[in-house]
Amino acid sequence: DTAVSQTPKYLVTQMGNDKSIKCEQNLGHDTMYWYKQDSKKFLKIMFSYNNKELIINETVPNRFSPKSPDKAHLNLHINSLELGDSAVYFCASSQAGGPNNEQFFGPGTRLTVL
Amino acid sequence: AQSVTQLGSHVSVSEGALVLLRCNYSSSVPPYLFWYVQYPNQGLQLLLKYTSAATLVKGINGFEAEFKKSETSFHLTKPSAHMSDAAEYFCAVRRYNFNKFYFGSGTKLNVKP
């Protein structure tokens, strides 16, 4: 039973292409996130959705567009891919509110832009 | 604003030695604190979390952490390192009723035979 799943696991593409990454969680959480992890392992939050509503948008280029069709899914579409977009992208989910609701992470999608 | 500082991007210990990974936070109010572990080519997995119930928190795989408000610290320890502990460790902070988590820059733990 995978709690947070992402597809694809690996994505290799050419500069200028458009690609999407999908994320699904079966934990019943109401909040989902996208993180970018660079080659130095630094985790940077990109977006967060709560009940399909965008609540965090961290100075991410407009080429990145998240979409949440329902609270169990959060997809990430990237237009006009650039070399600097190469990274591992993690999806995560949590339950908003409460004192100690941790995030659950997906396995990551390794994006390589050539 | 919240921030998390992990001292030491790389820590190397011998198998069987004490593991100490440092985390300091800055917050105007006591936050909720977490330690995550990331094994190679995997996602992050929760090790333990501080919820204000007890200052000494025990987690999985023999790890524990102590919340020290006076030092604004939440250091992670394990009495005896095992080869399988080699991984990247992240400290994170979250304020109550806020959905945003702040992650430290990570500490890579190397365990020598």
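Preceding this section is the structure that the text describes.
Residues numbered from 1 in each chain as written. Chains lettered and ligands numbered in written order. Predicted model: local features only at pLDDT ≥ 70, side-chain atom pairs only at ≥ 80, totals over all residues. Heavy atoms only, no water.

**Structural notes on the interface of chain B and chain A**
Let me state the cut-off plainly: Any two residues whose heavy atoms approach within 4.5 Å at even a single point are treated as in contact. Buried area is understood as the total, over both parts, of accessible area removed when two parts are fitted together, assessed with a 1.4 Å probe. Within this document, salt bridges are pairs made up of a side-chain nitrogen of Lys or Arg and a carboxyl oxygen of Asp or Glu, the two lying within 4 Å of each other. A 3.5 Å cut-off defines polar contacts: any pair of N or O atoms within that distance qualifies, except that in protein one atom must be a possible hydrogen donor and the other a possible acceptor, and neighbouring residues in sequence count only when both atoms are side-chain atoms. Only DSSP runs of H or I covering at least 4 residues are called helices, and only runs of E covering at least 2 are called strands; the numbering of each starts at the N terminus.
Each side of the interface is counted separately: chain B has 21 residues, and chain A has 28 residues. In this assembly, chain B packs against chain A so that about 2000 Å² is buried in total across both faces, 54% of it on carbon and sulfur atoms. Of all residues in chain B, Asn99, Lys100 and Phe101 of chain B give up the largest surface area on contact with chain A, accounting jointly for 27% of the area buried on that side. Here Lys49 of chain B ties to Glu102 of chain A by a salt bridge, and the two come within 2.7 Å at their closest N and O atoms. The tally of links between chain B and chain A comes to 5 residue pairs in polar contact (both at pLDDT 80 or more). Counting only elements with at least two residues in the side of chain B that touches chain A, the list comes to strand 5 (32-38), strand 6 (44-50), strand 10 (87-94) and strand 11 (101-103) of chain B. With 4 residues, the single largest contributor to the side of chain B that touches chain A is strand 5 of chain B.

**Considerations on the pairing of strand 5 (residues 43-50) of chain A**
Residue and element names in this part refer to chain A. Going by this rule: Buried, partly exposed and exposed residues are distinguished by accessible area as a fraction of the type maximum, computed with a 1.4 Å probe on protein chains only: under 20%, between the cut-offs, and over 50%, respectively. What makes two strands pair is DSSP finding at least two bridges between them.
Counting buried residues in strand 5 gives 7 out of 8 residues, a clear majority hidden from the surface. Looking at chain direction, strand 4 (residues 31-37) and strand 5 are connected through 7 bridges and run antiparallel. Looking at strand 5, one finds that Tyr33 is bridged to Ser48. Counting the residues that bridge the hairpin from strand 4 to strand 5 gives 5 residues, and of these Lys41 lies at a positive phi of roughly 75°. The loop that links strand 5 with its antiparallel partner strand 6 (residues 53-57) comprises 2 residues; one of these, Asn51, has a positive phi angle of about 50°.

**Some details on the nonpolar core**
To keep it simple, the criterion reads: Throughout, nonpolar core names a set of buried Ala, Val, Leu, Ile, Met, Phe, Trp, Tyr and Cys residues whose side chains join them through atoms within 4.5 Å.
In terms of nonpolar packing, the biggest core is built from 27 residues, with Trp35, Leu48, Phe74, Leu76 and Tyr89 of chain B touching the most fellow members. If one sorts the elements of this core by residue count, strand 10 of chain B sits on top with 4 residues. One finds Met46, Tyr49, Leu74 and Leu76 of chain A within the second-largest nonpolar core, a separate group that totals 20 residues.

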